[in-house]
There are 2 protein chains.
Amino acid sequence: MTTTDPLVSDYIAMWNETDRQRRRELVARTVTEDANYLDPLMAGDGIDGISEMIADAQLQFPGHRFALRSGPDAHHDRVRFSWSLAAAGGEPVAIGVDFATIADDGRMRTITGFLEPAA
Amino acid sequence: MTTTDPLVSDYIAMWNETDRQRRRELVARTVTEDANYLDPLMAGDGIDGISEMIADAQLQFPGHRFALRSGPDAHHDRVRFSWSLAAAGGEPVAIGVDFATIADDGRMRTITGFLEPAA
């Protein structure tokens with residue numbers, strides 16, 4: 001398979017995009033129409049569901065941004081990467097790992113997030 | 001969901017079981033009939049396919065055993081854990097993370113393995 005770097009870059013960008021229209025465009029480029037996201041705290045289905053879920057997350061952490069921490073590490077149609085969430089210049093308030101399956105069209109179809117224990 | 005500790009314990013045990021019949025019993029207790037396993041090097045489908053895949057892996061690493069390294073960490077129907085593979089008393093020759101989805105009957109349905117970079 002081709003590199004998943006652009007896909008995961010768009011994925012991080014969609015979590016950080018606060019403009020509703022631009023976020024939906026990023027989400028639509030990154031996940032399939034039948035995609036589902038699930039982590040210990042949040043769930044979202046489809047492009048609109050995932051875009052709205054991200055809006056809710058942004059409300060809980062205003063001014064915070066996600067950053068890629070390690071990876072992506074991919075094989076076949078699977079990818080994993082870790083990320084951090086922090087306010088500008090601050091220490092991470094959360095660190096996690098996302099695991100995704102990739103559809104034939106190159107977008108993510110199932111995404112599972114796990115949170116690392118607080119340091 | 002209930003704890004995934006026994007499930008993951010059986011999972012590690014099935015990788016270590018060299019007796020064909022006992023291994024198949026452990027595999028059947030741990031994964032569904034329609035399960036699939038995929039890591040960068042190996043793939044197996046169903047109870048017999050996964051049991052035979054494990055036999056092949058054991059031939060490549062005679063005398064080595066898998067051990068749980070961290071986890072399991074589970075939420076909803078998803079679980080992750082890390083493992084190591086080592087000869088008795090030796091340093092690990094491989095370390096990896098497995099991610100699985102869990103069927104309604106409590107067995108693993110999809111299992112994806114990732115390998116950590118060599119230290």
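Scroll up a little and you will see the structure.
Treat the numbers as computed from the prediction; the structure is a model and nothing was measured.

A. Expanded view of the packing of helix 1 (residues 5-16) of chain B against helix 3 (residues 46-60) of chain B. Residue and element names in this part refer to chain B. Running from N to C, helix 1 and helix 3 cross one another at 55°; their axes reach a closest spacing of 8 Å. In terms of orientation, helix 1 lies oblique with respect to helix 3. Touching M14, W15 and N16 of helix 1 are I50, M53, I54, A57 and Q58, all from helix 3. Partitioning the contact of helix 1 with helix 3 into residue classes produces six nonpolar, two polar and no charged.

B. Seen up close, the sheet that holds strand 5 (residues 92-102) of chain B. Residues and elements named next belong to chain B. Ordered in space as 2-1-6-5-4-3, the six strands form an open sheet in which the pairing is mixed. Only two strands of the sheet have a single partner each, and these edge strands are strand 2 (43-45) and strand 3 (64-75). Neighbouring strand axes in the sheet, compared pairwise and without regard to direction, differ in orientation by 20° on average. As paired strands, strand 1 (residues 31-38) and strand 2 are joined by three bridges and run antiparallel to one another. When the bridges of strand 2 are listed, N36 appears paired with D45. In this fold helix 3 packs onto strand 1 and strand 2, with an angle of close to 40° to the strand it touches most, strand 1.

C. Here's a closer look at the pairing of strand 5 of chain B. All names here are of chain B. Pairing geometry for strand 4 (residues 78-87) and strand 5, over nine bridges, is antiparallel. Counterpart to S84 in the pairing with strand 5 is I95. Two strands pair when backbone bridges link them, and strand 5 and strand 6 (residues 108-115) are joined in this way by seven bridges, in the antiparallel orientation. Bridge assignment links A100 to a residue of strand 6, and that residue is I111.

D. A look at the packing of helix 2 (residues 20-30) of chain A against helix 3 (residues 46-60) of chain A. Residue and element names in this part refer to chain A. Contact pair helix 2 / helix 3: the axes reach a minimum separation of 9 Å and the direction vectors enclose 130°. Judged on the interaxial angle alone, helix 3 and helix 2 are oblique. Regarding helix 2 and helix 3, the two cross each other, and that crossing is right-handed. Note on element contacts: helix 3 touches helix 2 through I47, D48, I50, S51, E52, I54, A55 and Q58, opposite R20, R23, R24, V27 and A28.

E. Spotlight on the packing of aromatic side chains. All names here are of chain B. Per the counting criterion, the structure on display carries 13 aromatic pairs over all chains. Here the aromatic rings of F66 and W83 are separated by 5.2 Å at their centres, their planes lie at 70°, and the arrangement is edge-to-face. Of the two residues, F66 sits in strand 3 while W83 sits in strand 4, which places them 17 residues apart along the sequence. As far as burial versus exposure is concerned, F66 and W83 are alike and both buried.

F. Spotlight on the pattern of salt bridges. Going through the model one piece at a time under the given rule, you end up with 18 salt bridges over all chains. Residues R107 of chain A and E33 of chain A are paired through a salt bridge, measuring 2.8 Å at the closest nitrogen-oxygen approach. Here E33 of chain A lies in strand 1 (residues 31-38) and R107 of chain A lies in the loop between strand 5 (92-102) and strand 6 (108-115), a separation of 74 residues in the sequence. Overall, the relative accessible area of 54% leaves E33 of chain A in the exposed class. With a closest N to O distance of 3.2 Å, R109 of chain B and D34 of chain B form a salt bridge. Here R109 of chain B is found in strand 6, whereas its partner D34 of chain B is found in strand 1, with 75 residues between them in sequence. Given the relative accessible area of 35%, R109 of chain B is considered partly exposed. Through salt bridges with shared partners, a single ionic network connects E33, D105 and R107 of chain A.

G. Quick look at helix 2 of chain A. Residue and element names in this part refer to chain A. Listed as buried for helix 2 are R23, L26, V27 and T30. Relative to the axis of helix 2, the buried residues are bounded by an arc of 100° and lie together on one face. Looking at the buried residues of helix 2, the elements they touch are helix 1 (5-16), strand 1, helix 3 and strand 6. You can read the cap of helix 2 off the contacts: a side-chain oxygen lies 3.2 Å from the backbone nitrogen of Q21, and it is on D19.

H. The arrangement of the relation of the copies chain A and chain B in detail. For the pair chain A and chain B, the superposition axis carries a translation of 0.0 Å, the fit reaches an RMSD of 0.0 Å, and the rotation angle comes to 180°. Such a turn and shift between the copies fits a two-fold axis. Taking C-alpha positions as reference, the residue of chain A nearest the rotation axis is F99 of chain A, located at 4.0 Å.

Conventions adopted
Residues numbered from 1 in each chain as written. Chains lettered and ligands numbered in written order. Predicted model: local features only at pLDDT ≥ 70, side-chain atom pairs only at ≥ 80, totals over all residues. Heavy atoms only, no water. Axes fitted to C-alpha atoms, helices over the stretch in contact; angles between N-to-C directions. Helix = DSSP H or I, 4+ residues; strand = E, 2+ residues; numbered from the N terminus. Parallel < 35°, antiparallel > 145°, perpendicular 65-115°, else oblique. Contact = heavy atoms within 4.5 Å. Nonpolar A, V, L, I, M, F, W, Y, C, P; charged D, E, K, R; others polar. Pairing = 2+ DSSP bridges. Left-handed = near helix turned anticlockwise from the far one by under 90°. Phe/Tyr/Trp six-rings, centres within 6.5 Å; stacked < 30°, edge-to-face > 60°. Buried < 20%, exposed > 50% of the residue type's maximum accessible area, 1.4 Å probe, protein only. Salt bridge = Lys/Arg side-chain N within 4 Å of Asp/Glu carboxyl O. Arc of directions from axis to C-beta. Polar contact = N/O pair within 3.5 Å; in protein donor to acceptor, adjacent residues only side chain to side chain. Least-squares fit on C-alpha atoms with pLDDT ≥ 70 in both.

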